[in-house]
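# What the coordinates show
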Amino acid sequence: MIKSLQDTITLHNGVEMPMFGLGVWQVEDGNEVIHAVKSAIQAGYKSIDTAAIYRNEVGVGAAIRESGIAREDLFITTKVWNAHQGYETTLDALDKSLQKLDLDYVDLYLIHWPVADKYNDTWRALEKIYRDGKARAIGVCNFHVHHLENLLEEAEIVPMVNQIELHPLLSQLEIREYCEAKGIKVEAYSPLGSGKLLKHPTLQTIASKHNKTIAQIILRWDLQQSIITIPKSIHEQRIIENADIFDFELSAEDMRIINALNANERFGANPDNFNF
Ligand SMILES: NC(=O)c1ccc[n+]([C@@H]2O[C@H](COP(=O)([O-])OP(=O)(O)OC[C@H]3O[C@@H](n4cnc5c(N)ncnc54)[C@H](OP(=O)(O)O)[C@@H]3O)[C@@H](O)[C@H]2O)c1
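Scope of this entry: the structure provided in the associated data block.

Definitions and limits used
- Residues numbered from 1 in each chain as written.
- Predicted model: local features only at pLDDT ≥ 70, side-chain atom pairs only at ≥ 80, totals over all residues.
- Heavy atoms only, no water.
- Near = heavy atom within 4 Å.
- Polar contact = N/O pair within 3.5 Å; in protein donor to acceptor, adjacent residues only side chain to side chain.
- Areas by Shrake-Rupley, 256 points an atom, 1.4 Å probe, with all protein chains shown as cover.
- Helix = DSSP H or I, 4+ residues; strand = E, 2+ residues; numbered from the N terminus.
- Buried < 20%, exposed > 50% of the residue type's maximum accessible area, 1.4 Å probe, protein only.
- Pairing = 2+ DSSP bridges.
- Right-handed = clockwise from strand over helix to strand, strands pointing away.
- Core = buried A, V, L, I, M, F, W, Y, C linked by side-chain atoms within 4.5 Å.
- Contact = heavy atoms within 4.5 Å.
- Phe/Tyr/Trp six-rings, centres within 6.5 Å; stacked < 30°, edge-to-face > 60°.
- Lys NZ or Arg CZ within 6 Å of the ring centre and 35° of its normal.

With that settled, the discussion passes to the site of the ligand. Neighbouring residues of the ligand: 29 residues in total, closest Asp 49, Ser 190, Leu 192, Ser 233 and Arg 238. Tyr 54 places a side-chain nitrogen or oxygen 3.5 Å from a nitrogen atom of the ligand. The separation between a nitrogen atom of the ligand and a polar side-chain atom of Gln 163 is 2.8 Å. Contact with the protein chains removes 88% of the 910 Å² of surface that the ligand exposes when unbound. Top contributing element to the shell around the ligand by residue count: helix α9 (residues 236-243), with three residues.

In structure tokens, the structure reads:
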């Protein structure tokens, strides 16, 4: 059972990835992202999830430098954007991200979305990036089972991570089972439903019982199922609150009630039907 904010999960190549991290989608570059990332690191977070398309890699890099924490003690994820998919363009995109982050390597490099006809070439580039030591682990986001099946037909390296929308209204059992069988770790994005789940009455009942907030209940639900989670907040108090989930446990009955909320409801796009 996970005990602290620094607990990790072992990816199939042996790399230890923190179970908990800070997401920075829709966080402005400059002061806003620097403040959020520094607050998180100060609160004990080790893992930061950004992406080229978030356009805040420069600020994330600045925050890392200003935090005073050794680079090797942090776990930095970024992602190749759809417009840059393809072999050469992905190699170039990673170099640009490293330049912006001012880092020699990232800990995890992800394909952001399964762009049809492109993601297998993109994956070959990620394999090269991994072999060249520019990413300690590589993976995908938003891959359904059929995308992974297709990728695995040609891949030489099995993705270490699949980052997908996952929260109590979208528990993603099918893809979780598939990933488990292939040794791919599942990472929950939008764990709080981009903030839209934070008034849910059933979750509120469980939260009140434990004297915790709904955000804390959901994040604890992730960790108790060995799901990596990366809630986003720009507010220091919430960043601290979200990580304050190691002093209680959800019972089997709590877990059952939350699991029963699944409605296959997405707040983001369906990876079978996106237009960006
Ligand atoms: N791979 C992908 O395609 C993909 C897609 C979406 C997201 N992601 C990643 O996943 C991360 C998290 O997902 P997300 O940003 O969609 O949303 P989220 O983490 O589910 O929710 C964030 C929202 O909840 C609010 N919030 C956070 N903690 C709170 C608390 N304790 N109390 C009240 N409100 C709280 C935040 O507001 P404030 O910031 O104002 O506090 C923000 O509006 C992203 O930042 C990104 O890194 C990846």
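With that out of the way, let us pick up the pairing of strand β7 (residues 135-141). With respect to burial, β7 is a largely interior element, six of its seven residues being buried. Of the strand pairs in this sheet, strand β6 (residues 106-111) and β7 are connected by five bridges, and their pairing is parallel. Considered in β7, the bridge of Tyr 109 is made with Ile 138. Note on the crossover from β6 through helix α4 (residues 119-131) to β7: the handedness is right-handed. Where β7 and strand β8 (residues 161-165) come together, three bridges link them in parallel fashion. Residue Gly 139 lies in a different strand from β8, and its bridge partner there is Val 161.

Turning our attention to the nonpolar core. Counting residues in hydrophobic clusters, the biggest one holds 88 residues, and the most contacted among them are Leu 22, Val 24, Val 37 and Tyr 109. Excluding residues within four positions of it along the chain, Val 37 makes contact with Leu 22, Val 24, Ile 48, Val 60 and Ala 63. Membership of the second largest hydrophobic core comes to six residues, among which are Trp 81, Trp 113, Val 115 and Tyr 189.

If you walk through the whole model with that rule in mind, you get six aromatic pairs. An angle of 40° between the planes, with centres 5.0 Å apart, marks the rings of Trp 113 and Phe 274 as tilted. Here Trp 113 is found in the loop between β6 and α4, whereas its partner Phe 274 is found in the segment after α10 (252-259), with 161 residues between them in sequence. Since its relative accessible area comes to 7%, Trp 113 is described here as buried. Seen from their ring centres, Tyr 119 and Phe 143 are 5.0 Å apart, and the 65° between their planes marks the pair as edge-to-face. On the criterion of sequence distance, the pair formed by Tyr 119 in helix α4 and Phe 143 in the loop between β7 and α5 (145-154) is long-range, its members being 24 residues apart. When sorted by exposure, Tyr 119 lands in the same class as Phe 143, which is buried. One aromatic cluster is present, formed by Trp 81, Trp 113, Phe 274 and Phe 276 through successive ring pairs. The ring of Tyr 105 carries Arg 71 above its face, with NZ or CZ at 4.0 Å from the centroid. Positioned over the ring face of Phe 248 is Arg 220, at 5.8 Å from the centre of the ring.

Keep in mind these numbers describe shape, not what the thing actually does.
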